[in-house]
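Spelled out, the chains give:
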Amino acid sequence: MSLALLTLGFALTVNAQEKKTTIELPQWVKNIKFSGYGMLQYQGQDPEGNHTNSFNLRLARFILDGKIGDFDWRAQIQGTNVKGPGEPTVQLVDLYAEWRRYPEFKIRAGQFKRAFTFENPTHPITQGWYSYANVINALSGFGDRTGEKSSGGRDIGIQVQGDLLPNANGRRLLHYQVGVYNGEGINSKDKDNRKDIIGGLWVMPIQGLRIGAFGWTGSRAGVGEKNRYALSAEYDKDEYTFRAEYLHSQGYGANLDLGDKADGWYAFGIVPVVKGKLHAKARYQTYRDNKEWNRAKTMYEIGANYYFTKNLQVNFEYARVNDRSLAKHNYNFVDLELDFRF
């Protein structure tokens, strides 16, 4: 009897050991994706009396994307020398959720890109240049002329957007977006209890082409009113990218001596020389921080981007700069970058 019991106990023990325990993860956990990228830079320029050249860690970002039901969400942390070489800054740049059940009407809340210009929301790597255009930096909330801290074109708020008028092939011809924001940039509460309202509308008559306009009205504590608009056009298809935008701002900036108006524009083309491997590029841009030619900064840029793989590329550009705020207006500028994604 005891031998039978012993045998039965041994069999049950072996059976339990062979049985595997599995833990089923919820779907929202399975939907989380981790990614990121880094941008390494060498830059030099020779304005009279102020020659510089330096290696720089331009940007590093770590991103979590996920999906819960009809909601997409993103959290993104950035490390950059935004204050200058040797003064690194780590900060939260994106944290938002978006309800995306219907393509005609989506709602996004949190901290994210402002709904202003075509260039502002483009990825820093796919944007293709050493930096966003000077007018975008000054009037879209990067290093804004109002004195707002560098915010990467972002703010905290809520936005609705959607795509309307599908054609026979299902491609939608009209996009709209309207957002309400604090008006203070990233990681900042509203300091004057007055919100910024930004909207954009564009048509897409043929595949790859967008033609649009944007408006922005609001204020910033300690500076006052800001009213801006932008006119934009872009063609992006089959590795050919052409974009042009004009921005105008009315409202005093941090430097009151510059007056209450500023404007600027840019136009560029990026075309494949060897598809998937080598792109050539040229850009013309002007920014006038007082809307007068006596302080206009114009850059004539040429360069190339080479892709080792889709996740690793090297970019080069040369620019001839004309800065009328300097005693000697003209100087040279070069930039070389190694960019990678993971």
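Residues numbered from 1 in each chain as written. Predicted model: local features only at pLDDT ≥ 70, side-chain atom pairs only at ≥ 80, totals over all residues. Heavy atoms only, no water.

Secondary-structure assignment places Gly162 in strand S6 (residues 154-166). Residues Gly162 and Arg172, ten residues apart in the sequence, show an inter-C-alpha distance of 9.8 Å. Look past the residues within four positions of Gly162 in its chain and what remains in contact with it is Pro103, Glu104, Phe105, Leu174, His175 and Tyr176. (Helix = DSSP H or I, 4+ residues; strand = E, 2+ residues; numbered from the N terminus. Contact = heavy atoms within 4.5 Å.)

One non-glycine residue, Thr117, adopts positive backbone phi at about 75°. Here Thr117 is to be found in the loop between strand S5 (105-113) and helix H3 (134-139). The exposure class assigned to Thr117 is buried, which follows from its relative accessible area of 3%. In this structure, Asn193 takes a positive phi of about 60° despite not being glycine. Counting through the fold element by element, Asn193 comes out in the loop between strand S7 (172-181) and strand S8 (196-203). We classify Asn193 as exposed; its relative accessible area is 68%. (Buried < 20%, exposed > 50% of the residue type's maximum accessible area, 1.4 Å probe, protein only.)

The topology assignment puts Gly128 in the loop between S5 and H3. Each C-alpha atom of the pair Gly128 and Thr52 lies 23 Å from the other, and the pair is 76 residues apart in sequence.

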